[in-house]
Amino acid sequence: MQRVLVVDDEEVVRDVLTEMVKTAGDFEAASAVDGDDGLRKVREEGYDIIFTDLKMPGLNGLQLMEQIHEIDPTIPVVVVTAHSHIDTALSAMREGASDFITKPFNLKDIRYVLDRVSREREILKTIPEDGDKSRVVKTLNSALFRKLDEINSLLTLNLEIDEMPDTETLMERLPTMMERLMRARRVLVLMIREDGYLVSRSNGAADGRMVLPFSGSVFESLRSDRDYLILDVDEPSPLDGKPLKAQMLILPVMVGGTEVLGYLVITDKVESYHFSEEEVKLARTLLRKVSMRLENNALYEVTYNNLINTLKSLVLTIEARDAYTKKHSERVTRIALQIADEMNCTQEEKDAIRFGGYLHDIGKIGVKDMILLKPARLTDSEFEEIKKHPVIGYNIVSPLGSFPLEKLLIRHHHERFDGSGYPDGIAGEEIPLIARILAVADTYDSMTSTRPYRKGLSHDVAIEEIKRCAGSQFDPEVAGAFLQTPAGKGEKEDEH
Ligand SMILES: [Fe+2]
């Protein structure tokens with residue numbers, strides 16, 4: 001019977017894992033409370049397999065592994081890690097760990113890892129001290145190299161996933177990533193639609209767009225146990241009912257550890273008809289990473305939306321104070337977006353306009369009512385007060401951190417192309433493009449709105465004014481683009 005030592009400073013983890021190891025098969029399991037305790041026990045009691053946490057007080061997991069391998073380099077060390085630290089686990093394998101398992105634990109994974117490492121351990125133990133270890137070591141090394149190769153592609157994919165800007169892109173590229181990782185010719189993402197059907201995402205793929213019933217399908221059976229499924233050669237394909245020519249691996253795409261969003265279907269492997277246990281594990285590891293990313297994205301989107309809503313209500317507060325600028329921010333944003341479309345701005349710039357446009361006058365919250373609501377032209381000193389609002393707005397949004405473009409938009413929406421604007425007096429291309437765009441939209445809307453002390457100008461007069469100021473107040477290119485937009489052509493805006 002092989003003896004397993006579980007080293008973890010968290011009592012719960014230690015107990016759960018020890019129990020699972022005992023359940024997993026013919027193993028004896030003991031535990032150690034930290035790295036130093038673990039090392040002492042390995043020295044004094046002798047163990048065949050070690051599971052260790054990485055972060056522990058005193059000797060950490062990697063140091064423990066190093067010490068153990070000095071005693072006996074054939075003792076397999078399996079790293080225990082959280083889902084969110086797969087990268088760490090992979091680099092631990094580069095340092096010599098045999099494998100890794102992730103929390104929350106899964107009996108299937110543990111059994112699989114134990115089988116594999118104990119098999120290797122048995123092989124190494126049977127070789128006499130002076131025997132020909134080189135052949136065995138060679139075999140194990142080639143397995144290790146294959147493993148390292150997989151780890152490398154996983155690491156690369158990990159980085160790729162980290163750099164993907166949003167959920168949409170991630171789901172778009174998932175099939176290609178899986179094809180590469182699994183060396184499969186056909187990978188399909190099926191999403192569960194609200195009406196209970198499964199829909200393939202791969203538009204324009206050879207399969208076309210696929211719609212499959214979900215209820216009663218093999219997919220539904222997977223939803224409850226949230227694992228994976230391998231369909232064998234000659235079994236009917238859940239995609240078209242025809243007998244399968246190669247094995248098909250189906251994995252659920254999950255978010256939040258419980259909710260199944262859809263499924264990944266992998267088939268037609270390049271080199272064989274079958275999936276090895278290793279490959280299944282690899283696919284699941286990548287999918288776990290994808291799930292984490294989806295979860296983070298969802299969290300981010302919720303936080304982002306909350307933030308936007310808070311700020312929007314702030315804007316409403318300002319607009320409520322000033323009946324005449326009511327809906328001004330909304331109209332300005334709409335016009336600015338039309339210009340951005342006309343100028344083929346990037347998605348990032350459009351997003352910044354959508355959010356920042358709405359907030360561009362948020363700094364007016366810091367301007368006294370007496371001035372902001374004055375039903376007449378402002379004196380010079382009053383105007384100086386009003387001129388502070390871009391910087392006040394910039395300061396309100398700045399602590400939020402992650403809105404660099406929006407911040408610039410708010411700060412610079414009153415700069416003029418010739419450098420005579422405020423607050424910084426920058427000119428030309430120094431002014432961020434989105435701020436130059438907003439300036440045109442803002443001015444047009446202000447001119448055509450009726451104020452207590454003056455009636456709004458007609459569309460035609462306002463347009464003439466924009467043309468006249470192109471090159472001085474406005475970027476001529478932006479002014480020109482504005483004339484081509486529906487708003488610039490005086491088309492009636494549709495209120496959504
Ligand atoms: Fe403003």
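A quick note: this is a predicted structure, and the numbers were derived from the prediction, not measured.

Focus: the overall build of the protein
- Counting its secondary structure elements, the protein contains 18 helices and 11 strands.
- Taking all 496 residues of the protein together, 31% fall into the buried category.
- Partitioning the intrachain contacts of the protein with sequence separation of at least 6 by distance along the chain shows that 59% fall at a separation of at least 24.

Describing the sheet that holds strand β5 (residues 99–103)
- Pairing is parallel across the open sheet formed by five strands, whose spatial order is β2-β1-β3-β4-β5. Across the chains shown, the open sheet's two edge strands, defined by having one partner strand only, are β2 (27–32) and β5. Here the average twist between neighbouring strands, direction ignored, is 25°.
- Of the pairings in the sheet, the one linking strand β1 (residues 2–7) to β2 comprises six bridges and is parallel in character. The residue of β2 that forms the bridge with Arg3 is Glu28.
- Strands β1, β2, β3 (49–53), β4 (77–82) and β5 of the sheet are contacted by helix α1 (residues 11–24), whose axis makes an angle of about 170° with β2.

Some words on the nonpolar core
- In terms of nonpolar packing, the biggest core is built from 35 residues, with Val4, Val21, Ile50, Val78 and Val79 touching the most fellow members.
- Excluding anything up to four places from it in sequence, Val21 contacts Val4, Val6, Phe27, Ala29, Ile110 and Leu114.
- Grouped together as the second largest cluster of nonpolar side chains are 34 residues, Ala336, Cys345, Ala441 and Ile463 included.

Focus on the environment of Arg193
- By the element assignment, Arg193 lies in the loop between β6 (184–192) and β7 (197–200).
- Using a count of 12 C-beta atoms within 10 Å as the deciding quantity, one classes Arg193 as exposed.
- In the structure, Arg193 is positioned 18 residues away from Val211 in sequence and 9.5 Å away in space, judged by C-alpha atoms.

Examining helix α14 (residues 389–397)
- Among the residues of α14, those classed as buried are His389, Pro390, Gly393 and Val397. Take α14 and look down its axis: the buried residues cluster within an arc of 100°, on one side only.
- Those residues of α14 that are buried lie in contact with α11 (347–359), α13 (380–386) and α15 (404–412).

Considering unusual backbone geometry
- The omega torsion across Tyr422 and Pro423 is 5°, close enough to zero to call that bond cis.
- Inspection of the secondary structure assignment puts Pro423 in the loop between α15 and α16 (433–448).
- Of note in this structure, Arg183 is not a glycine but carries a positive phi near 50°.
- Looking at the element boundaries, Arg183 is found in the loop between α7 (167–182) and β6.

Details of the sheet that holds β7
- Reading across from one edge, β8-β7-β6-β11-β10-β9 is the order of the six strands in this open sheet, with antiparallel pairing throughout. Every interior strand has two partners, whereas the edge strands, β8 (211–213) and β9 (229–231), have only one. For this sheet, the mean inter-axis angle between neighbouring strands, taken without regard to orientation, is 25°.
- Sheet analysis places β9 next to strand β10 (residues 248–255), joined by three bridges and oriented antiparallel. Counted as the bridge partner of Ile230 is Leu249 from β10.

Some details on the packing of helix α2 (residues 35–45) against helix α3 (residues 61–71)
- The contact between α2 and α3 brings their axes to 10 Å, and the two run at 15°. The angle between the axes of α2 and α3 places the two elements in the roughly parallel class. Two packed elements cross with a definite hand, and for α2 against α3 that hand is right-handed. Contact with α2, carried on its side by Gly35, Gly38, Leu39, Val42 and Arg43, involves Gly61, Gln63, Leu64, Gln67, Ile68 and Ile71 of α3 and no other residues of that element.
- In terms of residue class, the contact of α2 with α3 is built from five nonpolar, five polar and one charged.

Quick look at the confidence of the model for the protein
- Residue-level pLDDT values for the protein average 83, and 83% of them are 70 or greater.
- The element-level mean pLDDT for the protein is lowest in helix α6 (residues 133–163), coming to 65, with helix α18 (residues 476–484) highest at 97.

A closer look at helix α10 (residues 328–342)
- The first and last C-alpha atoms of α10 sit 21 Å apart over 15 residues, in line with the 21 Å expected at 1.5 Å per residue.
- All of the buried residues along α10 are Ser329, Arg331, Val332, Thr333, Arg334, Ile335, Ala336, Gln338, Ile339 and Ala340.
- Among the residues trailing α10, Asn344 stands out with phi positive, at a value near 50°.

Considerations on the packing of α16 against α18
- Packing of α16 against α18 leaves a shortest axis separation of 9 Å and a crossing angle of 50°. In this view, α16 runs oblique relative to α18, as classed from their interaxial angle. Viewed along their axes, α16 and α18 form a crossing whose handedness is right-handed. Counting all contacts with α16, which are made through Arg436, Ile437 and Val440, the residues of α18 involved are Val478, Ala479 and Phe482.
- Residues that form the contact of α16 with α18 fall into these classes: five nonpolar, no polar and one charged.

Thresholds applied
- Residues numbered from 1 in each chain as written.
- Predicted model: local features only at pLDDT ≥ 70, side-chain atom pairs only at ≥ 80, totals over all residues.
- Helix = DSSP H or I, 4+ residues; strand = E, 2+ residues; numbered from the N terminus.
- Buried ≥ 20, exposed ≤ 12 C-beta atoms within 10 Å, placed from the backbone.
- Contact = placed C-beta atoms within 7 Å.
- Pairing = 2+ DSSP bridges.
- Axes fitted to C-alpha atoms, helices over the stretch in contact; angles between N-to-C directions.
- Core = buried A, V, L, I, M, F, W, Y, C linked by C-beta atoms within 7 Å.
- Arc of directions from axis to C-beta.
- Parallel < 35°, antiparallel > 145°, perpendicular 65-115°, else oblique.
- Left-handed = near helix turned anticlockwise from the far one by under 90°.
- Nonpolar A, V, L, I, M, F, W, Y, C, P; charged D, E, K, R; others polar.
- pLDDT = per-residue confidence, 0-100.
- Expected span 1.5 Å × (residues − 1).

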